[in-house]
Every structure is written in C-alpha cells, then in structure tokens.
Amino acid sequence: MALKTDAVVLGAGVNGLAIAYELCRRGKSVILADASVMGAGASGSCDDMILLQSKKPGILLEMTFRSLELFKALTGDLPCDIEFETRGGTILIEDAAQLAVMEDFVASQKRSGLAVEIIDAARLRRLQPHVSAHVIASTYSADDSQVNPMQLMKGFMLGAQAKGLRYLSRTRPEAIERRAGHWSLRMTGGESIEAEVVVNATGAYANSVCRLLGFELPIAPRKGQVLVTEQLPALGETNVWSAQYIVSKLKPELAKSSAPGAAGAAARFGLGFAFTGTHNGNYLIGSTREDAGFDKATDPDALSLIAAQARKFFPVIAQAQVIRSFAGLRPSTFDGMPFLGEVPDRPGFFMAAGHEGDGIAMAPITGRFVADLACGKTPEFDATPFRVERAMRPQGAAHGA
Ligand SMILES: Cc1cc2nc3c(=O)[nH]c(=O)nc-3n(C[C@H](O)[C@H](O)[C@H](O)COP(=O)(O)OP(=O)(O)OC[C@H]3O[C@@H](n4cnc5c(N)ncnc54)[C@H](O)[C@@H]3O)c2cc1C
C-alpha cells in the first residue's frame, strides 16, 4: 500500500533536512528519503563556515545575512548543540596587486552593509600570531561564523522527527509519475509514496532525479579535498582564507599559484586556502575545486599541495599531525546560483539544489524559502534569480538547446 504524505523531500543533506524541518514546522506531513544515509553527500564532507566576506554584493550575500540571523535562532530551537560560533574571519593578502583588488571588493561589500575592513599586518598579527611574515595585510569581518554541519543535520532531523517526519534511508525513486493530481513515487527500497509536493534536494546528484521527469539541469559535482589535523591549541582568533581565490575570480589576469613551485598542479586542482578551527580543536585545511565527475577519492598530489600551502601561510602547522583527509562533491551550477523553485509543467515538483560552496551557510534560508514556495506563500526574497526556467532543457538535449 502506498505511503501518503503532503510532501516528499529527496536527499538528507543539509538542504533537504532544512526544508523537511520547515515543512514539518508548518504542520505538513513529510517523508524524507535518501539514496544512502543522512550526510552521505557534500554536507558530511565539507568545511564548517558561514562565510559572508567571500560573497559579491547581491542576493546571495543578502540571503546569507538572513541565514546568519536564522542560525542564531536555531541554536535555541533545535534539540541539539549545532556548535554555532562567531569567531570572525580574515582573508590573507600577499602583495600589492591583491591588496588593490581586495580594497575595491571590501568597499563594495561595505556599501551593501557588511561589517568588513582591511587591516594592516600589525593588527593581523594580533589576531593571527602564527601567520607568515610574507602576508602584508588582510580583511577582517567580525560576523563570519561557523557551525558543525553534522550537528546541524542532526538538529534538523531530530527537530523534524519531533513534529512527525518519517525518514527513509537507502532508498531512492526509480520512477516518479503525475497521477490524478498527485505525485506517485516508486522507490528502490520497495516503498511506493503518494505526495502533493516533491522536493529534489539531492545536491550534485540532482540531475539524475530530474531525468526521471524528462528534463535536465546543469548541476555538476565540483570536488573539494580537505586535510584534518589533530586537536591543537588555538592558533589564532579568527578563521582564515587567502585572497588568491577571490582575486582570481575578480581579476583572472592576476591569478597565480599560492603553492610554491607547483603552479600547474595547483591550477589543475583549483587550489584555494581555507583554514578553520573546529569546536573540538581540530583544524580543517582546504581545499580544491575540481571538475572530476562523481569520483570522491582523495589524491596524494592534491593533499601535498594543500599541506604545502598551509605551511606557506602558517609555518607552525608543519609540527601538527594530519589525522584524516576527505573529499566532497559540491553541487555546482553554470551561473553560481542554486536552483530553487517549482519546475514548469510539473506542478508541485520543486528543485532545491546547486549551492556549490555555500550550502551550509545558506541551509536555514533555503529551508524557509523552499517551504514558502511549496506552501504557496511568497518567499522573503525574489525568486527570479533561482528559477529553474533559466537553464532547463528536455532530457538528452544539448545545454542551451
Ligand atoms: C570541501 C568542501 C568544503 C565546503 N565548505 C563549505 C563551507 O565552509 N560552507 C558552506 O556553506 N558550504 C561549504 N561547502 C558546500 C556544502 O557542503 C554544500 O553546498 C552542501 O553540503 C550541499 O548540501 P545539499 O543538501 O544540497 O546536498 P548534499 O549534502 O550533497 O546532499 C544530497 C543528498 O542526496 C542524496 N541522494 C543522492 N541521490 C539521491 C536520489 N536519487 N534520491 C534520494 N537521495 C539522493 C545523497 O545521498 C545525499 O545525502 C563545502 C563543500 C565541500 C565539498
């Protein structure tokens, strides 16, 4: 017999869980189904940052501001500690060319209301006493924050289950059909489900679900590899990134490797520097941005580059033990915007995928936004930039056809 429900959310990553939680809060009956288990996707293999500073002025920055407010409320509302902390963030600047680009970028962010500034080397060293002598300045924002993604998912799961969520693991749809005004899903685990609303929140895998309905979206995996150190005493006050990645996006002609003697390999792996201390004192050191398909293996060459880059910015890290490495698949889109919205001609079928490197930071606002749309309510942000129509194509057609 079919399980009947108001909504089925596909994908128990941070976004599927945030949406399921919000729908349950609104009194909907919800089934959350994952092809594997909670956190099997990018949300269980990522860094922990709620990063405002990396974003250009615009709707993603505004939504991340809102998400930050929602995180503060969630720390009290969710039934477990999500390890939310606001330590602030610094983006390290290595030379005058990077400084000029970052000064303009920071000025544009300030005009958008972000509390961010450029600080000189002396002030940086008070925040980060171990930073390398070659770093000439940095940005500083007191608002950059962090959260433990596994705890966040657990919090959403427990909060939603307390309001009636049914969670099915190790099952995915093998057929999705529109029948008599509802969606009918035949699942690989043998279940059959009838629902008014279906939400596709399957991250980098979302296009495989779209194909079951005869259309495609340009959502692709972008791999990131990360090293994890042993627990260490705090090395500095803030979390840290390098300006190189932002500069390379804003001024590609200035792009150059930050890993000594390995420019080609660093470019091949899309190396950028991220350095964050977790609640437990382990440091997460990343990361790469690779278009490498669905292969989640780590690569010794990439991990060596990440380690060399960390030693370049923080020579003291050479004394730390690396205890683990992992790779995750960011769900990337062609224009850097997630797909959030109802699919044309498929009433009640919603997309919520494609957050690339911002899915943790944006999970609370994504949950609100998609739940509003699914409940027929106008969301608090303009839905136009996220519409599926901007890149949808029939299954098998070339992109742009
Ligand atoms: C190295 C790295 C560092 C990152 N750092 C940050 C950061 O600091 N801050 C930040 O905001 N973001 C960061 N991100 C990005 C963030 O991890 C992702 O944007 C986010 O986790 C995506 O969440 P999601 O729920 O959309 O997808 P996922 O977490 O990938 O979840 C998708 C789920 O769908 C399931 N699934 C797949 N196919 C099916 C199917 N057919 N049916 C049902 N279920 C299915 C999968 O098993 C999986 O559990 C990072 C990512 C990486 C890789």
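Residues numbered from 1 in each chain as written. Predicted model: local features only at pLDDT ≥ 70, side-chain atom pairs only at ≥ 80, totals over all residues.

Student: I'm lost on the site of the ligand in this one. Help?
Tutor: As a matter of local geometry, the ligand sits amid 43 residues, with Gly-13, Gly-41, Gly-203, Gly-224 and Gly-359 nearest to it. Of all elements in the fold, only helix 1 (14–25), helix 6 (206–212), strand 14 (219–231) and strand 18 (322–333) reach the threshold of two or more residues within the shell around the ligand. Here the shell around the ligand is composed, by residue class, of 18 nonpolar, 18 polar and seven charged. Shared between two domains, the shell around the ligand holds at least three residues of each, these being domain 1 (3–44 + 150–217 + 335–393) and domain 2 (89–142 + 220–333). (Near = placed C-beta within 6 Å. Helix = DSSP H or I, 4+ residues; strand = E, 2+ residues; numbered from the N terminus. Nonpolar A, V, L, I, M, F, W, Y, C, P; charged D, E, K, R; others polar. Domains from an automatic or database assignment.)

Student: Would you take a moment to explain the sheet that holds strand 8 (residues 145–146) for this structure?
Tutor: Sheets are built from strands paired through backbone hydrogen bonds, the pairs being either parallel or antiparallel. One open sheet accounts for three strands, arranged 3-8-4; its pairing is antiparallel. A single partner strand is all that each edge strand has here, and the edge strands are strand 3 (49–50) and strand 4 (85–86). Sheet analysis places strand 4 next to strand 8, joined by two bridges and oriented antiparallel. Paired with Glu-85 across the bridge in strand 8 is Gln-146. (Pairing = 2+ DSSP bridges.)

Student: Teacher, can you tell me more about the environment of Leu-217 here?
Tutor: Summarising the element assignment, Leu-217 is placed in the loop between strand 13 (215–216) and strand 14. Residue classification places Leu-217 among the buried residues on the basis of 24 C-beta atoms within 10 Å. Sequence separation between Leu-217 and Ala-206 is 11 residues, and the spatial gap between their C-alpha atoms is 8.2 Å. Excluding anything up to four places from it in sequence, Leu-217 contacts Ala-206, Asn-207, Cys-210, Phe-339, Met-351, Val-388, Ala-391 and Met-392. (Buried ≥ 20, exposed ≤ 12 C-beta atoms within 10 Å, placed from the backbone. Contact = placed C-beta atoms within 7 Å.)

Student: Please explain the pairing of strand 7 (residues 137–141) as it appears in this structure.
Tutor: Side-chain direction in a regular strand flips from residue to residue, so the side chains alternate between the two faces of the sheet. Counting buried residues along strand 7, five of its five residues qualify, which places the element largely inside the surrounding structure. Alternating positions in strand 7 separate into two faces, Ala-137, Thr-139 and Ser-141 on one and Ser-138 and Tyr-140 on the other, with burial throughout. Judged from the five bridges that link them, strand 5 (residues 89–93) and strand 7 form a sheet pairing that is antiparallel. Within the sheet, the bridge partner assigned to Ile-91 lies in strand 7 and is Thr-139. Taken together, the four bridges between strand 6 (residues 117–120) and strand 7 define a ladder with antiparallel strand orientation. The residue bridging Ile-118 from the neighbouring strand is Thr-139, located in strand 7.

Student: When you look at helix 2 (residues 59–77) in this model, what are you seeing that I'm missing?
Tutor: Spacing of three or four residues puts side chains on the same side of an α-helix, whose turn is 3.6 residues. Here helix 2 spans 26 Å end to end across 19 residues, near enough to the 27 Å set by a 1.5 Å rise per residue. Listing the buried residues of helix 2 in full gives Leu-60, Met-63, Thr-64, Ser-67, Phe-71 and Leu-74. Along its buried surface, helix 2 packs onto strand 3, strand 8, helix 5 (149–161) and helix 10 (363–374). (Expected span 1.5 Å × (residues − 1).)

Student: Help me out: how do you make sense of the environment of Ala-142 in this one?
Tutor: As for its placement among the helices and strands, Ala-142 is situated in the loop between strand 7 and strand 8. Between the C-alpha atom of Ala-142 and that of Val-116, which follows or precedes it by 26 residues, the distance is 7.4 Å. Residue contacts for Ala-142: discarding those within four places in its chain leaves Gly-88 and Ala-115.

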